[in-house]
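Chain residues, written in single-letter form:
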Amino acid sequence: EQVVKPVVSVYPAASRAHLEGKSSLLCLASAMFPPLVQFSWKRRKENGPLEDLPPAEGEQLKFRELGCTAAIRVIDQDALHTYKYSCYVQHEGGTVDQTEQG
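Sequence positions are assigned chain by chain, starting from 1 and proceeding in written order. It should be noted that, the model being predicted, local features are given only for residues of pLDDT at least 70 and side-chain atom pairs only at 80 or more, the latter also being counted only at that level, while totals for whole chains, interfaces and linings use all residues. The side-chain figures draw on all heavy atoms in the structure; neither hydrogens nor water molecules are used.

Caption draft 1: Representation of the pattern of salt bridges within the structure. Salt bridge, as used here, is a side-chain nitrogen of Lys or Arg placed within 4 Å of a carboxyl oxygen of Asp or Glu. In total, this model carries three salt bridges according to the counting rule given. Among the ionic pairs, Lys22 bridges to Asp76, the shortest N-O distance being 2.9 Å. Residue Lys22 is located in strand β2 (residues 22-30), and its partner Asp76 is located in strand β6 (residues 68-76); the two are separated by 54 residues in the primary sequence. Classification of residues uses two cut-offs on accessible area relative to the type maximum, computed with a 1.4 Å probe and protein chains only: under 20% is buried, over 50% is exposed, and between them is partly exposed. Under the relative-accessibility criterion, Lys22 is labelled partly exposed at 30%. Linking Asp52 and Lys42 is a salt bridge whose minimum nitrogen-to-oxygen distance equals 3.5 Å. Counting from the N terminus, the helices are DSSP H or I runs at least four residues long and the strands are E runs at least two residues long.

Here it is in structure tokens:
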């Protein structure tokens, strides 16, 4: 079968984490074949360099259903105002990235 790159979207995710001064971002990868993907996150201050986020800084949860895979990243609310976060999805067809809108 033909390799199809994922469609990647980033959304703010509602969770109880915001009560503790945290926010969540949801990265969704869909419509890809084969369905195997790997997620990573980067962030950038305005006019600043792109920074890799270490896996330990936040939680990443993956679930696969109906051909979608998602990762949730928990971050400090203060950091959400300072940085723009980007989700990178690695796939057999190449890497696709998407930046949160906000």
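From this point on, the discussion continues.
Caption draft 2: Expanded view of the nonpolar core. Buried Ala, Val, Leu, Ile, Met, Phe, Trp, Tyr and Cys residues that are joined via side-chain atoms within 4.5 Å together make up what is termed a nonpolar core. Core analysis: the largest hydrophobic core is formed by 18 residues, its most contacted members being Cys27, Phe39, Trp41, Tyr85, Cys87 and Val89. Sorting the residues of this core by element identifies β1 (7-13), β2, β3 (38-45), β6 and β7 (83-91) as the ones contributing at least two each. Looking at this core element by element, the count peaks at four residues for β7. Beyond its immediate chain neighbours, meaning those up to four positions away, Cys87 contacts Val10, Cys27, Phe39, Ser40, Trp41, Val96, Asp97 and Gln98. It only takes one pair of heavy atoms within 4.5 Å for two residues to be counted as in contact.

Caption draft 3: Geometry of the sheet that holds β7. In this scheme, strands are said to pair when DSSP sees at least two bridges between them. The antiparallel open sheet is built from four strands, whose spatial order is β4-β3-β7-β8. Looking at strand neighbours, the two that pair on one side only are β4 (50-52) and β8 (94-99), the edges of this open sheet. Neighbour-to-neighbour, the strand axes of the sheet open up by a mean angle of 30°, direction not taken into account. With three bridges connecting them, β3 and β4 associate as antiparallel partners. Opposite Arg43, over in β4, you have Glu51 as the bridge partner. Helix axes use the C-alpha atoms of the stretch in contact, all axes being lines fitted to C-alpha atoms, and the angles between their N-to-C directions lie in the range 0 to 180 degrees.

Worth remembering: the numbers are spatial, not functional.
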